[in-house]
Amino acid sequence: MAREKQEEAAAEPAPELSYREQLEHLNPIAQPLASRKLTRKLYKCIRKAAKHKQIRRGVKEVQKFINKGEKGITVLAGDTLPIDVYCHIPIMCEDRSLPYAYVPSKSDLGAAAGSKRPTCVILLKPHEEYQEAYDECLGEVEALPLPL
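From a predicted model like this one, the values you see are computed outputs, not experimental measurements.

Peer 1: Help me understand the overall build of the protein chain in this model?
Peer 2: For the protein chain, the count of helices and strands is seven helices and four strands. If you list the helices and strands of the protein chain from N to C, you get α-α-α-β-α-β-α-β-α-β-α. Out of the 148 residues in the protein chain, the part that is buried amounts to 43%. Counting contacts in the protein chain only where the partners sit at least 6 residues apart, residues at least 24 apart contribute 80% of the total.

Here it is in structure tokens:
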């Protein structure tokens, strides 16, 4: 009986939050935050990269490959709590001169990566199949002002 109720609750689609509504759920360290337009471009680039298996997903995997010296754009979810889970990732990126940006939603980030599970950090690697979209995202992310 309880299992049936859980399945019914899971079957209901969650209401989609707009970009403005998602901004209300951000944590205090979510800087530099991608604009609405850049967020859409990053999600699109992540979808293309996921098709070619050119993403690293999750704190543990991203941390491991940043330490190994892998290059790419790090995309972090701004609504992840507790922030202790991934607050060291931006520092690692700055030490290795990797560009990084926050997007407002971890569930949208996970969905863009082709997963039903929310994801709090993704490392987007360059690839010739989507190089133009990657370079456009890279230029805009590097142009974002770094936090103090």
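From this point, the discussion proceeds with the structure in view.
Peer 1: When you look at the sheet that holds strand β1 (residues 55–57) in this model, what are you seeing that I'm missing?
Peer 2: Paired through their backbone hydrogen bonds, the strands of a sheet run either parallel or antiparallel. With respect to topology, four strands assemble into an open sheet ordered β1-β4-β2-β3, the strand pairing being mixed. Both outer strands of the open sheet, β1 and β3 (100–103), are each paired with one neighbouring strand and no more. Neighbour-to-neighbour, the strand axes of this sheet turn through a mean angle of 20 degrees, independent of strand direction. The sheet contact formed by strand β2 (residues 73–77) and strand β4 (residues 121–124) spans four bridges and is antiparallel. When the bridges of β4 are listed, threonine 74 appears paired with leucine 123. The sheet strands contacting helix α3 (residues 36–51) are β1, β2, β3 and β4, and the helix crosses β4 at an angle near 70 degrees.

Calculation notes
Residues numbered from 1 in each chain as written. Predicted model: local features only at pLDDT ≥ 70, side-chain atom pairs only at ≥ 80, totals over all residues. Heavy atoms only, no water. Helix = DSSP H or I, 4+ residues; strand = E, 2+ residues; numbered from the N terminus. Buried < 20%, exposed > 50% of the residue type's maximum accessible area, 1.4 Å probe, protein only. Contact = heavy atoms within 4.5 Å. Pairing = 2+ DSSP bridges. Axes fitted to C-alpha atoms, helices over the stretch in contact; angles between N-to-C directions.

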